[in-house]
Amino acid sequence: MAYTLSDPFRALRTVLRLSGSATLPAGVALLLVPAGPAASSLQLGDGPLWPLRLAGAALLALAVFYLLSANERTVHFATLVTCSLGNGLPAVLVVAAYLQRELALLVWPLQAAMLLLFVVWLAGAVVPLRFLSAEYQDE
């Protein structure tokens, strides 16, 4: 959609692009990180890496969805729900990891990256809630 001053979804499009741009490198990193650096920096030990790869694939798919959805003419209800859940659930996981002191095991650059991702995911979970009202839904 062309950029206009009358676009009611401008804030949502910005959040979708920001969330997609932040989640894309995180998904690619989790999907492609070698076993040695994953075990040392993420404190994984000798466990299997397929859960990490699965999380990376899911984040990569969500990031592509966010970036493609930001360019749609109208933003549909399914996109709003997917954006809220897709950003809200990882944000809740980061909070749970923080409260259980699991983030303290990470090296400081990863802690900073998790903080940045948390802020982006929190914004991505909250901003779509405004657009769930009936006045923004098309018939």
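The coordinates are above.
Everything numeric in this text was worked out from a predicted model, so none of it was measured.

A.B. asks: Before we move on, can you summarise a nonpolar patch on the surface with the specific residues and values?
C.D. replies: A contiguous nonpolar patch, built from Phe77, Leu122, Val126, Leu129 and Leu132 and spanning about 440 Å² of accessible area, is present on the exposed surface. Considering every element that reaches the nonpolar patch, the biggest residue donor is helix α5 (residues 108-130), with three residues. Among the structural elements, Leu132 can be located in the segment after α5.

A.B. asks: Please provide a residue-by-residue account of helix α4 (residues 77-99), values included.
C.D. replies: Over its 23 residues, α4 runs 32 Å from end to end, which matches the ideal 33 Å to within 8%, given 1.5 Å per residue. Within α4, the full set of buried residues consists of Thr79, Leu80, Cys83, Ser84, Gly86, Asn87, Gly88, Pro90, Ala91, Val94 and Ala97. Against α1 (10-32), α3 (50-69) and α5 lie the buried residues of α4. Backbone geometry just downstream of α4 places Arg101 in the positive-phi region, at approximately 60°.

A.B. asks: Residues and numbers for the packing of aromatic side chains, please.
C.D. replies: A complete count under the given rule lists two aromatic pairs for this structure. With a centroid separation of 5.6 Å and an interplanar angle of 40°, the aromatic rings of Phe9 and Phe131 are classed as tilted. With Phe9 in the segment before α1 and Phe131 in the segment after α5, this residue pair connects regions lying 122 residues apart in the sequence. Note on accessibility: Phe9 and Phe131 belong to one class, buried.

A.B. asks: Tell me what's going on with the packing of α3 against α4, and back it up with residues and numbers.
C.D. replies: At their nearest, the axes of α3 and α4 sit 11 Å apart, and the two run at 140° to each other. Considered as vectors, α3 and α4 are oriented oblique to each other. The handedness of the crossing between α3 and α4 is left-handed. Contact residues: Leu62, Phe65, Tyr66 and Ser69 in α3; Thr79, Thr82, Cys83, Gly86 and Asn87 in α4. In the contact of α3 with α4, the residues fall into four nonpolar, five polar and no charged.

The rules behind the values
Position numbers for residues count from 1 along each chain, tracking the sequence in the order it is written. The predicted origin of the model limits local features to residues at a pLDDT of at least 70 and limits the giving and counting of side-chain atom pairs to 80 or more, whereas totals for whole chains, interfaces and linings rest on all residues. To obtain the side-chain values, all non-hydrogen atoms of the structure were included, while hydrogens and water were left out. Residues form patches when they are more than 30% accessible in relative terms and have no salt bridge. Like charges link within 9 Å. Nonpolar side chains (Val, Leu, Ile, Met, Phe, Trp, Tyr) link within 5 Å. The Shrake-Rupley method, run with a 1.4 Å probe sphere, supplies the accessible areas, and residue values consider only the shown protein chains as cover. Here a salt bridge means any side-chain nitrogen of Lys or Arg lying within 4 Å of a carboxyl oxygen belonging to Asp or Glu. What counts as a helix is a DSSP run of H or I of at least four residues, what counts as a strand is a run of E of at least two, and both are numbered from the N terminus. The span expected for a helix works out to 1.5 Å for each residue beyond the first. Burial status follows relative accessibility: with a 1.4 Å probe on protein chains alone, a residue under 20% of its type maximum counts as buried, one over 50% as exposed, and anything between as partly exposed. Residues are treated as being in contact if the distance between any of their heavy atoms lies within 4.5 Å. To pair, rings of Phe, Tyr and Trp, with the six-membered ring standing in for Trp, must have centres within 6.5 Å; the planes then decide the type, stacked if under 30 degrees apart, edge-to-face if over 60, and tilted in the middle. Only the contacting stretch of a helix is used when fitting its axis, a line to C-alpha atoms as for every element, and angles between N-to-C directions run 0 to 180 degrees. An angle below 35 degrees is read as roughly parallel, one above 145 as roughly antiparallel, one from 65 to 115 as roughly perpendicular, and any other as oblique. Take the far helix as the reference: if the near one is turned anticlockwise from it by less than a right angle, the crossing is left-handed, and if turned clockwise, right-handed. In this count, Pro and Cys sit with the nonpolar residues alongside Ala, Val, Leu, Ile, Met, Phe, Trp and Tyr, while Asp, Glu, Lys and Arg are called charged and the others, Gly among them, polar.

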